[in-house]
Amino acid sequence: LMTILIPFALLWGEVFTRFLLPQNVDSKMNIFASDPIIGYIYKPNASTYEKGREYNALYQINSLGLRDREYGPKKEGIFRVLLLGDSFSVSHGLAIEDSLSRQMERALQEAAASQGMSVQLEIVNAAVGGYSPYNYWKAYLRWAPVIKPDLVLLGLSPDDYDSSNAELIYIIENGDRVASFREDQKPKKRKGSILRSLRKWLSWNSEFYILLRNFFYYNELVGHLSARFAAKGEERINQLQQFMIPQPKIISEHWAKSFTFLEKLHESTSTDNVELIVIPIPLKEEIDATVFQRTLASNGLRQKQIDINQPLNQITAFCKKRNITLIDPRPAIKARHLKKPCYFVYDGHWIPEGIHAAAVSIANQWSDLRLPPWNVNATVMENRNSVY
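The structure presented is a predicted model; accordingly, all values stated were derived computationally and were not measured. (Residues numbered from 1 in each chain as written. Predicted model: local features only at pLDDT ≥ 70, side-chain atom pairs only at ≥ 80, totals over all residues. Heavy atoms only, no water.)

Caption draft 1: Local environment of the overall build of the protein. Along the backbone of the protein there are 14 helices and eleven strands. Evaluated residue by residue, the protein yields a buried proportion of 50% over its 388 residues. Counting contacts in the protein only where the partners sit at least 6 residues apart, residues at least 24 apart contribute 68% of the total. (Helix = DSSP H or I, 4+ residues; strand = E, 2+ residues; numbered from the N terminus. Buried < 20%, exposed > 50% of the residue type's maximum accessible area, 1.4 Å probe, protein only. Contact = heavy atoms within 4.5 Å.)

Caption draft 2: The arrangement of the nonpolar core in detail. Leu82, Leu84, Trp143 and Leu154 are the most contacted members of the largest nonpolar core, which totals 50 residues. Counting residues per element, the ones that place at least two in this core are strand E2 (39–42), strand E5 (78–84), helix H4 (133–147), strand E7 (151–156), strand E8 (169–173), helix H8 (249–271), strand E10 (275–280) and helix H11 (310–322). With eight residues, the single largest contributor to this core is H4. In this structure Trp143 touches Ile38, Ile41, Leu64, Gly65, Leu66, Leu82, Ala126 and Lys148, once residues within four positions along its chain are discounted. (Core = buried A, V, L, I, M, F, W, Y, C linked by side-chain atoms within 4.5 Å.)

Caption draft 3: The pairing of E8, seen in detail. By the bridge criterion, five bridges tie E8 to strand E9 (residues 176–181) in an arrangement that is antiparallel. The residue bridging Tyr170 from the neighbouring strand is Ser180, located in E9. (Pairing = 2+ DSSP bridges.)

Caption draft 4: Unusual backbone geometry, seen in detail. Put simply, Ile245 and Pro246 share a cis peptide bond, and its omega is -10 degrees. For Pro246, the position within the fold is in the loop between helix H7 (220–229) and H8. Looking along the chain, the bond that leaves Pro372 and enters Pro373 is cis, with omega of 10 degrees. In the Ramachandran plot, Asn45 falls in the positive-phi region, its phi being about 65 degrees despite a non-glycine side chain. Among the secondary structure elements, Asn45 is positioned in the loop between E2 and strand E3 (47–52). By relative accessible area, Asn45 is classed as exposed at 52%. Of note, Asn174 is a non-glycine position whose phi angle comes to about 55 degrees, a positive value. With respect to the helices and strands, the residue Asn174 is situated in the loop between E8 and E9. A residue is classified by how much of its surface remains accessible, and Asn174, at 75% relative accessible area, is exposed.

Caption draft 5: The packing of helix H3 (residues 100–114) against helix H13 (residues 352–368), seen in detail. It is the contact of H3 with H13, at a shortest axis distance of 8 Å, that shows an interaxial angle of 40 degrees. Classified by the angle between their axes, H3 and H13 sit oblique to one another. As H3 packs across H13, the resulting crossing turns out to be right-handed. Judged by residue contacts, Leu100, Gln103, Met104, Ala107, Leu108 and Ala111 of H3 engage Pro352, Ile355, His356, Ala359, Val360, Ile362, Ala363 and Trp366 from H13. (Axes fitted to C-alpha atoms, helices over the stretch in contact; angles between N-to-C directions. Parallel < 35°, antiparallel > 145°, perpendicular 65-115°, else oblique. Left-handed = near helix turned anticlockwise from the far one by under 90°.)

Caption draft 6: Structural context of the packing of aromatic side chains. What the rule picks out here adds up to 14 aromatic pairs. With a centroid separation of 5.4 Å and 90 degrees between ring planes, the pair formed by Phe32 and Tyr40 is classed as edge-to-face. Given a relative accessible area of 8%, Phe32 falls into the buried group. Since its relative accessible area comes to 1%, Tyr40 is described here as buried. Geometrically, the ring pair formed by Trp137 and Phe261 is stacked, given 6.1 Å between the ring centres and 20 degrees between the ring planes. Of this pair, Trp137 sits in helix H4 while Phe261 sits in helix H8; the two residues are 124 residues apart in sequence, bridging distant segments of the chain. (Phe/Tyr/Trp six-rings, centres within 6.5 Å; stacked < 30°, edge-to-face > 60°.)

Caption draft 7: Seen up close, the environment of Ala363. Topologically, Ala363 is positioned in helix H13. For Ala363, a relative accessible area of 1% puts it in the buried group. Between the alpha carbons of Ala363 and Met104 there is a distance of 7.2 Å; along the sequence they are 259 residues apart. When residues no more than four places from it in sequence are discounted, the contact partners of Ala363 are Ala107, Leu108 and Ala111.

Caption draft 8: Structural detail: the pattern of salt bridges. Tallying each qualifying case throughout the model produces 15 salt bridges. Here Arg330 and Glu286 are joined by a salt bridge, their closest N and O atoms 2.7 Å apart. With Arg330 in helix H12 (residues 330–339) and Glu286 in helix H9 (residues 284–287), this residue pair connects regions lying 44 residues apart in the sequence. Exposure class is identical for Arg330 and Glu286. Each is buried. Here Arg336 ties to Glu353 by a salt bridge, and the two come within 2.6 Å at their closest N and O atoms. (Salt bridge = Lys/Arg side-chain N within 4 Å of Asp/Glu carboxyl O.)

Caption draft 9: Seen up close, the packing of H4 against H8. Relative to each other, H4 and H8 sit at 20 degrees, their axes nearing to 8 Å. The angle between H4 and H8 places the two elements in the roughly parallel class. Where H4 crosses over H8, the handedness of that crossing is left-handed. On H8, the residues touching Pro133, Tyr134, Tyr136, Trp137, Tyr140 and Leu141 of H4 are Ser258, Phe261, Leu262, Lys264, Leu265, Ser268 and Thr269. Classifying every residue of the contact of H4 with H8 gives nine nonpolar, three polar and one charged. (Nonpolar A, V, L, I, M, F, W, Y, C, P; charged D, E, K, R; others polar.)

Caption draft 10: Seen up close, a nonpolar patch on the surface. Side chains of Phe8, Leu11, Trp12, Val15, Phe16, Phe19, Leu20 and Leu21 sit close together on the surface and give an oily, nonpolar patch of about 900 Å² of accessible area. Along the polypeptide, Phe8 turns up in helix H1 (residues 2–20). For Phe8, a relative accessible area of 55% gives the class exposed. (Patch = residues over 30% accessible without salt bridge, like charges linked within 9 Å, V, L, I, M, F, W, Y side chains within 5 Å. Areas by Shrake-Rupley, 256 points an atom, 1.4 Å probe, with all protein chains shown as cover.)

Right under this line is the structure:
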């Protein structure tokens, strides 16, 4: 009887989930390669499709190991921007033509042309999903000598508080990150097991499995039980901890560490006389009130326990202290999202509509601030590092 009922129940759960509670399955992205500076990059000339309920995007990697077109030596008259960031900046789930790098390139070019400027702009996409502020700093050191950028554009989200992957060395097999360690540790690959292989297969194919996994990860009761049985003093990180009031100590410590790496990035760009611009990228919860309320409920939190602007305020304060230009596209994205969705329905990343709203807003603010390649007069020079 159990042999009949269990498969039937699992099949029913899968059908039920797909029709009534659709989930976003994990993407199978075995296109990585180890890198001695950053830790890992995309494998040069690799190609795969990032698949999900709402997307099927080609990831074509160039000969350098970037999700972008091919680049040769920089020619005279070219103004190059190096884009750093994580899955938002690399444009998770989107074709490269709709990505942040391409849309920013077009928006900046149009803004320059409208003002009669004769300049050719290139935005080189060096973003990779899973990168942290540590990786952003290292990615600049890795790519600046090759790309020779005139400006660095950094997409920074509220999820960028965690740089616990600093100094990790990766073991990669067949494009998959199978293990990581630090120099003072002995390399240890994860042992293959039927259970782990089954879990990975389910994460790529079963929406019912994703539903159950998310339930156990975000459920309040499960969270209380996990905290009860966790080691004394250990804090459980949930989906909204970076927004909580007061901010949990572990998150504050993570931010402090991440900001040290962002300081190193700024020091490196300043040494090279390269402008750095920070773009605070909003999560879906920061733009869509309905999604925010649903996420509150799933984490067992009340609105008074959350300050949705807290990470933005921390990033803003950091930029002011370091005299780093910050350009915030939130108002434009919020205004556009009221008329037309800017994010995937079942995924937290933005869609071409959201990127377009952000790109146009950033280009206009960039121009107004007279940042390179726009001419900078003496008055603007005194205020160019203020937060827009």
